[in-house]
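Chain residues, written in single-letter form:
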Amino acid sequence: MARIELRDVAKRYGSVEVLRNIDLEIQDGEFIVLVGPSGCGKSTLLRMVAGLEPISSGDFLIDGERMNDVRPRDRDIAMVFQSYALYPHMDVARNMGFSMEIRKDPVAERKSKVAQAAETLGLSNLTDRLPKALSGGQRQRVAMGRAIIRDPQAFLFDEPLSNLDAALRVEMRLEIARLHQKLSATMIYVTHDQVEALTLADRIVVLNGGDIQQVGSPLELYERPANKFVAQFIGSPTMNVVPVIGTDTGVTAGNGAAIELPDQPLTAQAKELGVRPEHIDVVDNGTGDLSAVADVVEHLGSDTNIYVNVEGIGSMMVRKHGNIPVNSGEQLGLRIQTENAHLFADDGTALRPVA
Amino acid sequence: MSAVKNPNPALIVGKYAALAFYLIFALFPLYWLLKIGLTPDALIYSEGTRLFPSEITFSNFTTVIFQTDFVAYFRNSLVVSLGAAFFTTLFAAGAGYAFSRFVFAGKRIIIALMLVTQMFPLLMIIAPIYKIVAELGLLNSLTSLIVVYTAFNIPFATFLMQSFFDGIPKDLEDAAMMDGCSRFQALCKVVFPLTLPGLGATLGFVFTAAWSELLFALMLISKNDAMTFPVGLLTFVSKFSVDWGQMMAAGVLALIPSCLFFIFIQRYLVQGLTSGAVKG
Ligand SMILES: Nc1ncnc2c1ncn2[C@@H]1O[C@H](COP(=O)(O)OP(=O)(O)O)[C@@H](O)[C@H]1O
Ligand SMILES: [Mg+2]
């Protein structure tokens, strides 16, 4: 169990700064997900917490104690690698018990712990296999077994599911969620998949280009994104963002259509309007805020995705629950749920009502 | 219509014929070595070109072993080759690991210099090497050969080892360090077992190179009791005649350690030892 703090942490490779001003406080037992596009520095941040990568500046603390220069082996943190990193010359049991072997724990204790972990992860009949004789999902489990056997202060996961196929990924995601409930250990989980982030996290840290964009619960990020990047990164399908001109009472879209936004002050500074596909209603042609032509309609049964061409704006997406009887080429009216709309200023920051 | 998948019998025959041709081509000199070694002296010239001698004798072998200095040459060669292989592999493994894993000042320059050393023709450096060795008082010693062979083989062996280390995912060491190893422990318990094929290949490469080296051995050794095997072979050439039978018998005997060595390291050369380490 551990409280992990990062204070103004930065990482530089030579003159290239890949992470800057990282301030983060992770509570004991919290499940934190670091999410962001590829190359934004997620792995680097995780490896600095692990002790595998030196911290260029700032402080790293575990339970209030500065640990910047403590070796990985003395941090009591376990890590699951994206590549699994199983020792190819050791069988499953030895892979899982390797940390205890290094610590010179009694053999009997090691055996019983390995057996217990193998049982938990459904690997009991595979313990004498070499990693090369395992499927991807089984390797993933062994990698997790190697971590949980140590009963560490914190777990780190670096995109642990990205090498699995879609069905297995969902299954393992559930298993990780269960593991967190059972162990209630601090976990830091890196992914570029926002669905994983939204489903697993207590709090999500959104990174982009080496900066923290926003930290918050999944719902906070969905409902109140701090900027355009977070707004478009979180939520699927992606939020529609269209350029607008701010007025005193609302905004004017490119085609001259005025949209009244009574719930949103600060509209005068707005440069862009963001609306999630699920926050647009389909209404009769000629009514609503915008008029559009349905381009492609996807009937998914539970939902209907409608890709529309809005005159003077371009393409947008609308998602409605249930089956909506719309055909491709049909003229539609669109009404924006103004209480769920987002406005962005020139620099992309979200404009919010003053609470 | 029969299935198109069935391989054409003519193709199979052709494949095996090609393999057989290659084998015969490659092994024929070895056979000739053995044949002449087994041919009695009296028949060497009369039956020189016959594929099978009409009579076989082991006298050449017994003479070589019991009545010449062959055993001493053999022992010297063994000491020199094993010594050179051991030290070269030791240094090359260290350097190769550093090149593969660390970023340090001057890395590129060192690599470039090592490449440059490979470009000089041997003949150019023989005289200076002789002078250095002479001034060190190491002429006619096996030590001089071990040092020279080690020095000459290190660059190539280093690149060889580096490529083997490059093939071992860095994540494995990181995982070992997360599991409580120091860097050195990770090296011993995870990297080293996975590098055995590389170490085997490097040992084998240097061993065979040293085993058959003639030029330096000829230059630096003139005393009979420090001669290595290739130099010793030349003693079968006297002023007036060449003792072909004994020379070939000695040659056959000299192949034995190389063969044994490769049989021994062969199991470490098996590919795919790291498969299953990462991804799926
Ligand atoms: N050893 C290194 N030297 C220089 N740049 C590096 C090094 N390692 C990573 N980087 C850079 O740091 C950035 C972040 O990398 P990484 O943390 O692996 O991203 P992510 O895991 O989010 O995909 C990348 O732009 C990458 O090019
Ligand atoms: Mg990464």
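Because the structure is a prediction, the values reported are computed rather than measured. (Residues numbered from 1 in each chain as written. Chains lettered and ligands numbered in written order. Predicted model: local features only at pLDDT ≥ 70, side-chain atom pairs only at ≥ 80, totals over all residues. Heavy atoms only, no water.)

Asker: Let's hear about the overall build of chain A: which residues, and what values?
Answerer: A tally of regular secondary structure across chain A gives eight helices and 21 strands. Projecting the C-alpha coordinates of chain A onto the three principal axes gives extents of approximately 80 × 45 × 35 Å. Burial statistics for chain A: of 355 residues in total, 51% are counted as buried. Long-range contacts, defined here as pairs at least 24 residues apart, represent 66% of the contacts in chain A between residues at least 6 apart. Counting 36 positive and 48 negative side-chain charges, chain A places the centres of these two groups 10 Å from one another. (Helix = DSSP H or I, 4+ residues; strand = E, 2+ residues; numbered from the N terminus. Buried < 20%, exposed > 50% of the residue type's maximum accessible area, 1.4 Å probe, protein only. Contact = heavy atoms within 4.5 Å. Lys, Arg positive; Asp, Glu negative; His and termini not counted. Charge placed at Lys NZ, Arg CZ, Asp CG, Glu CD.)

Asker: How would you sum up the site of ligand 1? Please name residues and give values.
Answerer: All names here are of chain A. Around ligand 1, a shell composed of Tyr13, Val18, Ser38, Gly39, Cys40, Gly41, Lys42, Ser43 and Thr44 is seen. Gly39 places a polar main-chain atom, nitrogen or oxygen, 2.6 Å from an oxygen atom of ligand 1. One of the side-chain N or O atoms of Ser43 is found 2.6 Å from an oxygen atom in ligand 1. When isolated, ligand 1 has an accessible area of 560 Å², and the protein chains bury 55% of it. No other element matches the three residues that helix α1 (residues 42-50) contributes to the shell around ligand 1. (Near = heavy atom within 4 Å. Polar contact = N/O pair within 3.5 Å; in protein donor to acceptor, adjacent residues only side chain to side chain. Areas by Shrake-Rupley, 256 points an atom, 1.4 Å probe, with all protein chains shown as cover.)

Asker: Now, about the UniProt feature "domain: ABC transporter" (unreviewed entry) in chain A: what can you tell me, with residues and values included?
Answerer: Residues annotated by UniProt as "domain: ABC transporter" (unreviewed entry) correspond here to residues 4-234 of chain A. Split by type, residues 4-234 of chain A is 37% helix and 26% strand. Its first and last C-alpha atoms lie 25 Å apart. (UniProt positions renumbered as here; feature names shortened; annotations may be inferred.)

Asker: Please provide a residue-by-residue account of the interface of chain B and chain A, values included.
Answerer: Each partner contributes residues to the interface: chain B has 26 residues there, and chain A has 28 residues. Taken together, both faces of the contact between chain B and chain A bury some 2,300 Å²; the carbon and sulfur share is 60%. For the interface between chain B and chain A, the tally reads three salt bridges. Here Arg146 of chain A ties to Asp179 of chain B by a salt bridge, and the two come within 3.9 Å at their closest N and O atoms. Taken together, the connections running from chain B to chain A amount to eight residue pairs in polar contact (both at pLDDT 80 or more). Contributing elements (two or more residues each) for the side of chain B that touches chain A: α7 (170-178) and α8 (183-211) of chain B. Per-element tally for the side of chain B that touches chain A: the top contributor is α7 of chain B, with eight residues. The residue inventory of the side of chain B that touches chain A, partitioned by class, reads twelve nonpolar, eight polar and six charged. (Buried area = accessible area lost by both parts, 1.4 Å probe. Salt bridge = Lys/Arg side-chain N within 4 Å of Asp/Glu carboxyl O. Nonpolar A, V, L, I, M, F, W, Y, C, P; charged D, E, K, R; others polar.)

Asker: Describe the UniProt feature "transmembrane region" (unreviewed entry) in chain B, listing the residues and the values that go with them.
Answerer: All names here are of chain B. Within the UniProt annotation, "transmembrane region" (unreviewed entry) is assigned to residues 12-34, 78-99, 111-130, 142-165, 186-211 and 244-265. Helix makes up 100% of residues 12-34 and strand 0%, and the two end C-alpha atoms of the span are 32 Å apart. Spanning residues 142-165, this segment combines 100% helix with 0% strand, and its end C-alpha atoms are found 32 Å apart.

Asker: I'd like a rundown of the sheet that holds strand β10 (residues 211-216) of chain A, residues and numbers included.
Answerer: Residues and elements named next belong to chain A. The strand order β6-β7-β8-β3-β9-β10 describes an open sheet built from six strands, whose pairing is mixed. In the strand order of this sheet, the two ends are held by β6 (77-80) and β10, each with one partner. Ignoring strand direction, the axes of neighbouring strands in this sheet form an average angle of 15°. As paired elements, strand β7 (residues 154-158) and strand β8 (residues 186-191) share five bridges and run parallel to each other. If you follow Phe157 over to β8, its bridge partner there is Tyr189. Contacts between helix α4 (residues 136-148) and the sheet are confined to β6 and β7, with β6 contributing the most and set at about 175° to the helix. (Pairing = 2+ DSSP bridges. Axes fitted to C-alpha atoms, helices over the stretch in contact; angles between N-to-C directions.)

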